[in-house]
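A look at the structure
Here's the letter readout for the chains.
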Amino acid sequence: MSSARYEYLLRLGDNALILSQRLGEWCGKGPALEEDMALTNNALDLLGQARLWLSLAAEEAGDGADEDTLAYLRDDREFRNVLLVEQPNGSYADTLARQFLFDAWSSLVLRRLLASSDPAIAAIAEKAVKEVSYHLRRSSDLVVRLGDGTALSHAMLQGAIDKVWPYHHELFIGDAIDAEMVASGIGFDPEHLKDEWLAYVREVLNEATLKVPAAGGWMPKGGKQGLHSEHLSKLLAEMQTLQRSHPGASW
Amino acid sequence: MYAQMVDTGSPSSMDERETRFQQRIDDGIRVEPQDWMPERYRKTLIRQISQHAHSEIVGQLPEGNWITRAPSLKRKAILLAKVQDEAGHGLYLYSAAETLGITRDQMVDDLHTGRAKYSSIFNYPTLTWADVGAIGWLVDGAAIMNQIPLCRCSYGPYARAMIRVCKEEAFHMRQGYDLMLSLCKGTPAQKAMAQDALNRWWWPSLMMFGPPDGDSVHSAQSQAWKIKLFTNDELRQKMVDQTVPQAEYLGLTVPDADLKWNAERGHYDYGDIDWEEFYNVVKGNGPCNRERLEVRNKAWTDGEWFRDALVAHADKQAQRAIAQAA
């Protein structure tokens, strides 16, 4: 049940699920009609990825679990997403900054997983990498346009990047699960993604006339191991309400 | 309907050009944006199409209310896709209206300031998950009833937009009915949730078609212009006839003591509709009128910096291109 592969799949699935849940909160309230549709598309892609990862995790667990029992019946301490994705939406600038840092990382993760020794994982990565490459193109483009837009949009984007920046550290910290995945050829060492990620983020922020925040400072972590911020349990309370209040019902 | 009580302006006697215009419509020739058209036809269509577009946009809100709480990942994906479709419908329809010489910004401003209307139905709250099913089944069902004929309406861009909209609406209705079916096959609490949703949405759905024919002052002109192909009561009757057997299949009771099959007419007879409630909602006194407009206004105001920035960036890029070329 708690094999390293199972944990690893939960991490991948929970990142996509929780970020999709956050993006879904924007539906119908975006700053422009086209943006509303694009962000909802992003949410849908991530939800689709979450369903594939969680279904595979459920198969690995082999105890009658399925994508829904994993999404709806685990408590916050059992979720394995990084802290970045559970952060509240804030303004559209905050949402976009979170999305940009995530997309830049996720596209690297998925590209590494294309070479996974695990064919089921490589197959999901192959589907997801196409979607996330597009998400990254979109979020990078918007960061540039808004960073290099008006004085107000520049200030908002810089504030948003500064605020969400500390959460990137966790993305590159490996643990025993990662080590086991590297040893079996299923996964990769997260630390190895950092230089490439930082180079890309720096390039986009430069083009956007935005500053890369200074190194060091507060480095929150623990999401991958189930130690979350206060935001996650509230997000789950909302997401899980019907499954929890009607135990055993099918929908 | 998504467009209700659309004002057709004050009629005047037709001059020769108008007579020729009417003749083309009678002959089934589509009107296209570059064609001459009477001012009243143009203004009426702007009202009708923009009202329809606004309904799609405001209509995102009641169902969007349940996206974060959808009870399975499959249902969540379906609902996200559906609400995204509504935004897409709004976009085609705003574009269709723009061919008549109005900008999207003007239309959006009319919505936000309360000058333009949207369908009365979206001023009712979605209190339970079953409401998502009831909206798909009843509200989208009623929309299709009205919009399939509009695929043959006289104005080309509107008719063509309707073809795509109707295909998606048909999917929306099916997902709504499928959701209701799951609830009705589920636990007693789920079935009660479905019945409660039908009780609350039945009458407002019938009101969607607009006032009874006798009180529908603009219908005759709209019908002559072929931008309305059936009367409100004709469509309402069709809706009742189609929906009652569907409710029976679900094992739900339609909340109308007067509802019965009339073999002589070949239709269901149904009870009186509370038109006072309808007019109240249209006037802005429905359960969620204020809330819906507040949410739309807030989204628009909060997004102003974003829209301004994209324009500013595009201007900068254009200036850079000019500087580079020089």
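Residues numbered from 1 in each chain as written. Chains lettered and ligands numbered in written order. Predicted model: local features only at pLDDT ≥ 70, side-chain atom pairs only at ≥ 80, totals over all residues. Heavy atoms only, no water.

In terms of helices and strands, chain B carries 12 helices and 2 strands. Moving toward the C terminus, one meets the helices and strands of chain B in the order α-α-α-α-α-α-α-α-α-β-β-α-α-α. The globule rule puts the C-alpha radius of gyration for 326 residues at 20 Å, and the 21 Å found for chain B is close to it. The dimensions of chain B, computed from C-alpha atoms along their principal axes, are 75 × 50 × 35 Å. A total of 326 residues make up chain B; the buried ones form 57% of that total. A sequence separation of at least 24 residues applies to 79% of the contacts in chain B between residues at least 6 apart. Looking at chain B as shown, the accessible area adds up to about 14,000 Å², and 53% of this sits on carbon and sulfur atoms. Placing the 38 positive and 43 negative side-chain charges of chain B at their respective mean positions leaves the two points 5 Å apart. (Helix = DSSP H or I, 4+ residues; strand = E, 2+ residues; numbered from the N terminus. Rg over C-alpha atoms; globule rule 2.2 N^0.38 Å. Buried < 20%, exposed > 50% of the residue type's maximum accessible area, 1.4 Å probe, protein only. Contact = heavy atoms within 4.5 Å. Areas by Shrake-Rupley, 256 points an atom, 1.4 Å probe, with all protein chains shown as cover. Lys, Arg positive; Asp, Glu negative; His and termini not counted. Charge placed at Lys NZ, Arg CZ, Asp CG, Glu CD.)

To continue, consider the interface of chain A and chain B. Facing the 48 residues of chain A at the interface are 46 residues of chain B. A buried area of about 3,900 Å², summed over both sides, lies between chain A and chain B, and 68% of it is on carbon and sulfur atoms. Joining chain A to chain B, the criterion identifies 3 salt bridges. Measuring nitrogen to oxygen at the nearest pair gives 2.5 Å for the salt bridge that ties Glu34(A) to Arg104(B). Scanning the region where chain A abuts chain B turns up 18 residue pairs in polar contact (both at pLDDT 80 or more). Per element, the largest residue contribution to the side of chain A that touches chain B is 12 residues, and it comes from helix H2 (residues 33-61) of chain A. (Buried area = accessible area lost by both parts, 1.4 Å probe. Salt bridge = Lys/Arg side-chain N within 4 Å of Asp/Glu carboxyl O. Polar contact = N/O pair within 3.5 Å; in protein donor to acceptor, adjacent residues only side chain to side chain.)

Bringing the packing of helix H2 (residues 39-64) of chain B against helix H4 (residues 104-112) of chain B into the picture now. Residue and element names in this part refer to chain B. Across the interface, H2 lies against H4 with an axial gap of 11 Å and an inter-helix angle of 65°. Classed by the angle they form, the pair H2 and H4 counts as roughly perpendicular. Regarding H2 and H4, the two cross each other, and that crossing is right-handed. Two secondary-structure elements touch here, H2 through Ser-50, His-54 and Val-58 and H4 through Met-107, Val-108 and Leu-111. Looking at the contact of H2 with H4 residue by residue, the class counts come to 4 nonpolar, 2 polar and no charged. (Axes fitted to C-alpha atoms, helices over the stretch in contact; angles between N-to-C directions. Parallel < 35°, antiparallel > 145°, perpendicular 65-115°, else oblique. Left-handed = near helix turned anticlockwise from the far one by under 90°. Nonpolar A, V, L, I, M, F, W, Y, C, P; charged D, E, K, R; others polar.)

Residues and elements named next belong to chain B. Contact geometry for H2 and helix H5 (residues 129-150): axes closest at 13 Å, N-to-C directions at 165°. It follows that H2 is roughly antiparallel to H5 by the angle criterion. In the crossing of H2 with H5, the sense of the turn from one axis to the other is left-handed. Mapping the contact onto sequence places Gln-48, His-52, Pro-62 and Glu-63 in H2 and Val-132, Ile-135, Gln-147 and Leu-150 in H5.

Okay, the nonpolar core next. Buried together is how nonpolar side chains tend to be arranged in soluble globular proteins. Counting residues in each nonpolar core, the largest one holds 146 residues, and the members touching the most others are Trp129(B) and Trp137(B). Counting residues per element, this core draws most heavily on helix H5 (residues 92-113) of chain A, which supplies 13 residues. Discounting chain neighbours no more than four positions away, the residues touching Trp129(B) are Leu242(A), Trp251(A), Trp66(B), Ala70(B), Pro71(B), Arg75(B), Leu79(B), Leu179(B), Leu183(B) and Met193(B). Ile102(B), Cys153(B), Tyr155(B) and Val165(B) belong to the second-largest nonpolar core, a separate cluster that totals 32 residues. (Core = buried A, V, L, I, M, F, W, Y, C linked by side-chain atoms within 4.5 Å.)

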